[in-house]
Amino acid sequence: MICAFCQREIADYSNFCYFCGSRQHAAPKSSTAGKRLMRSATDNKISGVCGGVAEYLDVDSTIVRLVWVLVVVFTGIFPGVIAYLLAWLIMPEAPLPAPQQAQQTAPAPQPSTQSNT
């Protein structure tokens, strides 16, 4: 899929552009193809759990991270960390997006300005 704002190629399942952060409006998926909850391979800080949850819920990953921190602070550190570790172990990792093909152009030769005197 191509981002409508920065015109860079991103994965078809992405909700947000990796480069400019704009929300993507993908074509609706067929009813047989459901969403899968997976750890994000591209939007990760520690293991991609919050990025994967954000892609699944169709929200920004920063909001999910802030909510997770608030849950950890208000419920006690132990339950929140255990839940994160369990999610890290249970959730499969999403596949990496296809690599971009860089256009290989040779730089123009620079004229020599040195003289032999």
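Here, residues in each chain are numbered from 1, in the same order as that chain's written sequence. At least 70 in pLDDT is required for a residue's local features to be given in this predicted model, at least 80 for side-chain atom pairs to be given and counted, and no such filter applies to totals for whole chains, interfaces and linings, which use all residues. Each side-chain value is derived from all of the structure's non-hydrogen atoms; neither hydrogens nor water enter the calculation.

**Describing unusual backbone geometry**
As a reminder of what qualifies: Secondary structure counts use DSSP, requiring at least four H or I residues in a row for a helix and at least two E residues in a row for a strand, with both numbered from the N terminus. Exposure is judged per residue with a 1.4 Å probe applied to protein chains only, and the accessible area is read against the type maximum: over 50% gives exposed, under 20% gives buried, and values in between give partly exposed.
Although it is not a glycine, Q7 sits at a positive phi angle of roughly 60°. With respect to the helices and strands, Q7 occurs in the segment before α1 (49–57). Judged by relative accessible area, which is 53%, Q7 ranks as exposed. Look at D58: it is not a glycine, yet its phi comes out positive at around 65°. With respect to the helices, strands and loops of the structure, D58 is situated in the loop between α1 and α2 (61–75). Residue D58 is classed as partly exposed on the basis of its relative accessible area of 29%.

**A word on the environment of S61**
Stated formally: Throughout, a residue-residue contact means that at least one pair of heavy atoms, one from each residue, lies within 4.5 Å.
Position of S61 relative to the elements: it lies in helix α2. Classification of S61 by relative accessible area gives buried; the value is 7%. Residues S61 and F16 lie 45 residues apart in sequence; the distance between their C-alpha atoms is 9.6 Å. S61 has contacts with D43, G51 and A54, leaving out every residue within four places of it along the chain.

**Considering α1**
Of the positions making up α1, those classed as buried are V49, C50, G51, G52, A54 and E55. Those residues of α1 that are buried lie in contact with α2 and α3 (77–90). Downstream of α1 by a residue or two, D58 has a phi angle that is positive, lying close to 65°.

**So, the nonpolar core**
Threshold: We call a set of buried Ala, Val, Leu, Ile, Met, Phe, Trp, Tyr and Cys residues a nonpolar core when their side-chain atoms join them within 4.5 Å.
By size, the foremost hydrophobic cluster in this structure holds 7 residues: V49, C50, A54, V64, Y84, A87 and M91. Elements that contribute at least two residues to this core include exactly α1 and α3. Element by element, the count of residues in this core is highest for α1, at 3 residues.

**Considerations on the packing of α2 against α3**
What counts, and what does not: To get an axis, fit a line to the C-alpha atoms, keeping to the stretch in contact for a helix; angles then go from 0 to 180 degrees between the N-to-C directions. In these notes the angle categories are as follows: under 35 degrees is roughly parallel, over 145 is roughly antiparallel, 65 to 115 is roughly perpendicular, and the rest is oblique. Gly falls in the polar group here, along with every residue not listed as nonpolar (Ala, Val, Leu, Ile, Met, Phe, Trp, Tyr, Cys, Pro) or charged (Asp, Glu, Lys, Arg).
In contact at an axis separation of 6 Å, α2 and α3 are set at 140° when each is read in the N-to-C sense. In terms of their interaxial angle, α2 and α3 are classed as oblique. Residue-level contacts link W68, V72 and T75 of α2 to I77, P79, G80, V81, A83 and Y84 of α3. The class makeup of the residues in the contact of α2 with α3 is 7 nonpolar, 2 polar and no charged.

**Looking at a nonpolar patch on the surface**
Worth spelling out the cut-off: Within this analysis, patches are made of residues with over 30% relative accessible area and no salt bridge. Like charges are joined at 9 Å or less; nonpolar side chains (Val, Leu, Ile, Met, Phe, Trp, Tyr) at 5 Å or less. Here the accessible surface of atoms and residues is derived via Shrake-Rupley with a 1.4 Å probe, and residues count as covered only by protein chains that are part of the display. For salt bridges, the criterion is a side-chain nitrogen of Lys or Arg within 4 Å of an Asp or Glu carboxyl oxygen.
A surface patch of nonpolar side chains, about 1,100 Å² in accessible area, is lined by I46, I77, F78, V81, I82, L85, L86, W88, L89 and I90. Tracing the chain through its elements places V81 in helix α3.

**Quick word on the packing of aromatic side chains**
To keep it simple, the criterion reads: Aromatic pairing here means that ring centres of Phe, Tyr or Trp (its six-membered ring) are within 6.5 Å. Orientation follows from the plane angle: under 30 degrees is stacked, over 60 is edge-to-face, and everything else is tilted.
Evaluation of the coordinates by the stated rule reveals 2 aromatic pairs. Aromatic side chains W68 and Y84 sit 5.6 Å apart centroid to centroid with 80° between the ring planes, which places their arrangement in the edge-to-face category. Of this pair, W68 sits in helix α2 while Y84 sits in helix α3, and the two are 16 residues apart along the sequence. Between Y84 and W88, the aromatic rings sit 6.4 Å apart at their centres with planes inclined by 75°, giving edge-to-face as the arrangement. With Y84 and W88 both in helix α3 and 4 residues apart, this pair spans about one turn of that helix. With relative accessibility at 13%, the residue Y84 sits in the buried group. Among the residues examined, W88 registers a relative accessible area of 32% and is labelled partly exposed. Clustering of aromatic rings is evident, with ring pairs tying together W68, Y84 and W88.

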